[in-house]
Amino acid sequence: MFAFLQGKVALIGAGWIALDIHGVGYQVNLPERTLNGLAVGSEIRLLTHCHIREDDFQIYGFFTEEDRVLFRLLLGISGIGPKVAISILSAMDPATFLNALEHNDITPLTRVPGIGKKLAQRVLLEIKNRLGQDTDLQALLGGSDTGRSADRQQADDAVEAMIALGCSPVEARV
């Protein structure tokens with residue numbers, strides 16, 4: 001709906017700002033990393049994502065396209081809503097997330113409130129399954145595929161993830 005919003009920071013709350021754009025105040029939810037450097041009265045431009053439900057309309061803001069792309073990728077994962085996605089972006093930048101993805105390291109994700117071991121494993125598994133298929137993910141990776149271009153490697157990763165989720169090695173390979 002909105003590609004970006006530009007205006008002055010009128011108020012700063014816990015996880016949000018009121019952005020004054022020509023006398024209209026838009027409440028924009030931000031990752032804590034983005035909020036940390038802001039001051040009331042500063043002029044900013046935020047890339048946005050609008051999350052609309054029948055009973056709610058929320059605007060999420062980001063300084064970088066990488067943050068917005070990662071936010072949208074996370075929303076596509078079962079069990080991840082906008083609050084959890086923004087919590088992930090509050091806890092880590094896209095480079096840290098991609099490092100965890102590359103090394104299959106769930107530790108940074110499990111430090112995020114609301115994410116347990118199984119959800120962290122599912123997040124990494126679902127994102128890995130999109131490698132080579134999702135243009136937004138490829139853009140986030142900078143055209144690289146984190147060294148996992150072979151279909152065989154992706155299949156091996158999927159088997160490892162299934163075993164980590166509790167399947168036997170035989171069940172995971174089926």
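So, a few notes on the structure that sits alongside this text. (Residues numbered from 1 in each chain as written. Predicted model: local features only at pLDDT ≥ 70, side-chain atom pairs only at ≥ 80, totals over all residues. Heavy atoms only, no water.)

1. Some details on the packing of aromatic side chains
Think of a pair of aromatic rings as described by two things: how far the centres are apart, and how the planes are tilted against each other in angle. As enumerated under the stated definition, the model contains four aromatic pairs in all. Measuring from ring centre to ring centre gives 6.1 Å for Phe2 and Tyr26, while their planes differ by 75°; the resulting arrangement is edge-to-face. Placement of the pair is Phe2 in the segment before strand E1 (4–13) and Tyr26 in strand E3 (residues 24–29), with a sequence separation of 24 residues. By relative accessible area, Phe2 is classed as partly exposed at 27%. Residue class for Tyr26 comes out partly exposed when judged on its relative accessible area of 26%. (Phe/Tyr/Trp six-rings, centres within 6.5 Å; stacked < 30°, edge-to-face > 60°. Helix = DSSP H or I, 4+ residues; strand = E, 2+ residues; numbered from the N terminus. Buried < 20%, exposed > 50% of the residue type's maximum accessible area, 1.4 Å probe, protein only.)

2. Examining the sheet that holds E3
Strand order in this closed barrel of five strands is E1-E2-E3-E5-E4, and the pairing throughout is mixed. Each neighbouring strand pair of the sheet contributes to a mean axis angle of 55°, computed without reference to strand direction. Relative to E3, strand E2 (residues 16–21) runs antiparallel, the two sharing six bridges. What sits directly across from Ile17, in E3, is Val28. Its contacts with the sheet place helix H3 (residues 82–91) against E3, strand E4 (43–53) and strand E5 (56–62), and it is angled at close to 15° to E5. (Pairing = 2+ DSSP bridges. Axes fitted to C-alpha atoms, helices over the stretch in contact; angles between N-to-C directions. Contact = heavy atoms within 4.5 Å.)

3. Observations concerning the environment of Leu46
Here Leu46 is to be found in strand E4. For the pair Leu46 and Gly7, spaced 39 residues apart in the sequence, the C-alpha separation amounts to 8.9 Å. The residues touching Leu46, leaving out its near neighbours within four places in the chain, are Ala3, Phe4, Leu5, Ile17, Leu19, Val28, Leu30, Gly61, Phe62 and Phe63.

4. Notes on the environment of Leu165
With respect to the helices and strands, Leu165 occurs in the loop between helix H8 (151–164) and helix H9 (169–173). When sequence neighbours within four positions are dropped, the list of residues in contact with Leu165 reads Lys118 and Gln121.

5. Quick word on the packing of helix H4 (residues 94–102) against helix H6 (residues 117–129)
At a minimum axis distance of 10 Å, the contact between H4 and H6 shows a crossing angle of 85°. By the angle between their directions, the pair H4 and H6 is classed as roughly perpendicular. Of the residues in H6, those touching H4 at Phe97, Ala100 and Leu101 are Val123, Leu124, Ile127 and Lys128. Of the residues that constitute the contact of H4 with H6, the class distribution is six nonpolar, no polar and one charged. (Parallel < 35°, antiparallel > 145°, perpendicular 65-115°, else oblique. Nonpolar A, V, L, I, M, F, W, Y, C, P; charged D, E, K, R; others polar.)

6. Focus on the packing of helix H2 (residues 65–75) against H3
One can describe the packing of H2 onto H3 by two numbers: an axis separation of 9 Å at closest approach and a directional angle of 140°. By the angle between their directions, the pair H2 and H3 is classed as oblique. Handedness of the crossing formed by H2 with H3: right-handed. Along its contact with H2, which presents Asp67, Leu70, Phe71, Leu74 and Leu75, the element H3 presents Pro82, Ala85, Ile86, Ile88 and Leu89. (Left-handed = near helix turned anticlockwise from the far one by under 90°.)

7. Quick notes on the layout of surface pockets
Approximately 190 Å³ is the volume found for the largest pocket. Lining of the largest pocket is provided by Gly15, Asn29, His51, Arg53, Asp56, Gln58, Tyr60, Pro82, Lys83 and Ile86. Among the elements of the structure, E4, E5 and H3 are those that each provide at least two residues to the lining of the largest pocket. Broken down by class, the residue content of the lining of the largest pocket amounts to three nonpolar, four polar and three charged. (1 Å grid on protein atoms, 1.4 Å probe; cavity = no way out; pocket = protein on both sides within 12 Å on 5 of 7 lines; lining within 4 Å. Points joined across faces, edges and corners; volume = space filled by probe spheres on them.)

Functional significance is not addressed by these values, which are geometric in nature.
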